[in-house]
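Observations on the three-dimensional arrangement
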Amino acid sequence: MPTGCPNCAASGTPASVELVYRALPEKLEVACSGYAWGAWLPYTHGVSLGEGNTPCFDLKRLAQDLGVRQLTVKHEGMNPTGSHKDRMSVQGISRALDVGASTVVLASSGNAAVSAAAYCAVAGLRCEVAAYRGMPEPFVRALNRLGAKRLVFDQSFDRWEYVRQQVEREGAFALTNYSLPAVGSPAFGVEGYRAVALECAADGCLPDHILVPTARGDLLWGVYTGLRDLLANGLISHMPRLWAVEPFPRLTRVLEGALLQSEFFGQTAQFSTAGSTVTLQQELAVQLSGGGVVVSNDHEAAKGVSRLGAEGLWVELCAGACVSALSSLLKQGQIAATDHALLMLTARGDRDTLDLKF
C-alpha cells in the first residue's frame, strides 16, 4: 500500500499504514548491522553497505553553554552515504527485491536520492530519481557515479506525478511518497528508522527529549514506534518526548488548528526538511510522546551548524537547527536544565551548497 490506507484516503483523511509485528523478542541483542535486530525490523537479511550503529556521544561544553545537564548527539552522517536515509534504503530496497521489482523510483533532490542510488547499485536494480532542476551539484555527481537516472522537474508535485505513473504503469517500486495530500514514505522503508531507537536502547542512551529535523516525519515516526515497542516490552523505563524541528511553520500550524491536509508554503535553505505538506504520522509522533514542534529558521540553523562545528562536527543545515531548537525549548521551560536531550544529526555537511553568514 504505497499510497497509505485506502479507507483513510476515501474518507478524506489520508494516512500511512504501519507494520504490526506478531511477536517481539524479550531482549535486545547488540547488532552488528541494520539486519541484526531480527524480529524488531521487517527484514533480517538483504542488501547492505554496513549502515547503522552510528555513534551516540555527549557534548559537554555545548551542554554547559546551553544550560542543560546532558546533551547527546546521534551522528547519522556516519552512515555509508552520509545520512540517515540509508536506514530507509536498506529495508525499502530489500522489500523491492522481495516483491520482484526491477526498478526503484523516488522523488528526492538530496540525501534520499544518493542513498537509494547506492543501495540499488548493490541490489542490481534500476534507480530513477525525480529531482528539482536546482538539485545541488554534489548530489548530481553522486547520482551519475552510482548509475541512477535523474529526471528533472520544476515543480514538486510534478515529481510525485512521475513517481505515480512509474508505479502504476511500469510496476516500479516507490521508495518515497507520491500521494497528495501527503502521507509518509511506504511503510517498509520507514520501519528502517526503528533501528535508531533500538541502537539508543542497546547503548544505554535513553534521553528525556529527542529533537528530530522533520519534513514529512518518516524518521520521527520510525523513532517513535521503536521507542513505543521497547517501552511496551519493558526494555526501556520511559518514553522520551519527541520534538519535530521544522524550518518554517507547518506542523506548528496544524497543532494550532489548521487542517492537516493543507499546504504550508515557505522558503528555506534547509533542503532536507523543505516542503509544504504535513502528515498524520508526524502529528501523532509528537502528540503520543508528549513532545511538540519547534521552528528554527535558516539563520538560527546556521548558528547551530557553527556551534556543532566548534565541537568537531560538520553537519547539514537542518541538523544545526536542532541546537537552536533546544535553546528555545530551554528558554520556554519545555526542557528543564536537569534534563537529558539528544539531537538527531541527520547528515554530514559537505553537500550543503550555501554558506550562510550570521
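That block above? That's the structure.
Read on for a plain summary of the structure.

Cut-off values and rules
- Residues numbered from 1 in each chain as written.
- Predicted model: local features only at pLDDT ≥ 70, side-chain atom pairs only at ≥ 80, totals over all residues.
- Heavy atoms only, no water.
- Buried < 20%, exposed > 50% of the residue type's maximum accessible area, 1.4 Å probe, protein only.
- Helix = DSSP H or I, 4+ residues; strand = E, 2+ residues; numbered from the N terminus.
- Pairing = 2+ DSSP bridges.
- Polar contact = N/O pair within 3.5 Å; in protein donor to acceptor, adjacent residues only side chain to side chain.
- Contact = heavy atoms within 4.5 Å.
- Phe/Tyr/Trp six-rings, centres within 6.5 Å; stacked < 30°, edge-to-face > 60°.
- Lys NZ or Arg CZ within 6 Å of the ring centre and 35° of its normal.
- Salt bridge = Lys/Arg side-chain N within 4 Å of Asp/Glu carboxyl O.

We now examine the pairing of strand β10 (residues 340-345). Regular strands have side chains that alternate between both faces of the sheet. Judged by how many residues are buried, β10 sits mostly within the fold: six of six residues are covered. Side-chain alternation along β10 places His340, Leu342 and Met344 on one buried face and Ala341, Leu343 and Leu345 on a second face that is also buried. The sheet contact formed by strand β2 (residues 70-75) and β10 spans six bridges and is parallel. Among the inter-strand pairings, valine 73 is bridged to a residue of β10, identified as leucine 343. Strand direction decides the pairing type here: strand β7 (residues 209-213) and β10, joined by three bridges, are parallel. Across the sheet, the residue bridging to leucine 211 is leucine 343, located in β10.

This part takes up the environment of serine 109. Position of serine 109 among the secondary structure elements: in the loop between β3 (103-107) and α4 (111-123). When its relative accessible area of 14% is taken as the criterion, serine 109 is described as buried. For the pair serine 109 and valine 140, spaced 31 residues apart in sequence, the C-alpha separation works out to 8.7 Å. Here the side chain of serine 109 touches tyrosine 132 through a polar contact of 2.7 Å, landing on its backbone nitrogen.

With that out of the way, let us pick up helix α11 (residues 280-289). Those residues of α11 that sit buried are Gln281, Gln282, Glu283, Ala285, Val286 and Ser289. Residues of α11 that are buried in the fold lie against α7 (187-191), α9 (218-232), β8 (241-246), α10 (251-255) and β9 (292-295). Just downstream of α11, glycine 290 is the residue with a positive phi angle, here 80°.

Next up on the list: the packing of aromatic side chains. Scanning all chains against the criterion turns up five aromatic pairs. Ring centres of tyrosine 43 and phenylalanine 188 lie 5.9 Å apart, and the angle between their planes is 45°; this geometry places the pair in the tilted category. Here tyrosine 43 is found in the loop between α1 (6-10) and β1 (56-58), whereas its partner phenylalanine 188 is found in helix α7, with 145 residues between them in sequence. Tyrosine 43 sits in the buried class, given a relative accessible area of 12%. On the basis of relative accessibility, which here comes to 23%, the residue phenylalanine 188 falls in the partly exposed class. Measuring from ring centre to ring centre gives 5.4 Å for phenylalanine 139 and phenylalanine 271, while their planes differ by 80°; the resulting arrangement is edge-to-face. Of this pair, phenylalanine 139 sits in helix α5 (residues 137-146) while phenylalanine 271 sits in the loop between α10 and α11; the two residues are 132 residues apart in sequence, bridging distant segments of the chain. Judged by relative accessible area, which is 26%, phenylalanine 271 ranks as partly exposed. The ring of tyrosine 132 is capped by arginine 159, whose NZ or CZ atom sits 4.2 Å from the centre of that ring. Against the face of phenylalanine 248 rests arginine 250, its NZ or CZ located 4.9 Å from the ring centre.

Let's shift gears to the pattern of salt bridges. Following the criterion strictly, the structure yields 14 salt bridges and no others. Across the salt bridge formed by glutamate 199 and lysine 74, the nearest N and O atoms sit 2.9 Å from each other. With a gap of 125 residues between them, glutamate 199 in helix α8 (residues 194-202) and lysine 74 in strand β2 connect regions that are remote in the sequence. Of the two residues, glutamate 199 and lysine 74, neither departs from the other in class, the shared state being buried. Note that arginine 87 and glutamate 199 form a salt bridge whose closest N and O atoms lie 2.8 Å from each other.

Before going further, it helps to examine the sheet that holds strand β5 (residues 149-153). Read across the open sheet, the four strands follow the order β5-β4-β3-β6; overall the sheet is parallel. Strand pairing shows two members of the sheet lacking a second neighbour, β5 and β6 (173-174), which therefore form its edges. Where β3 and β6 come together, two bridges link them in parallel fashion. Across the sheet, residue valine 105 finds its bridge partner in β6, namely alanine 174.

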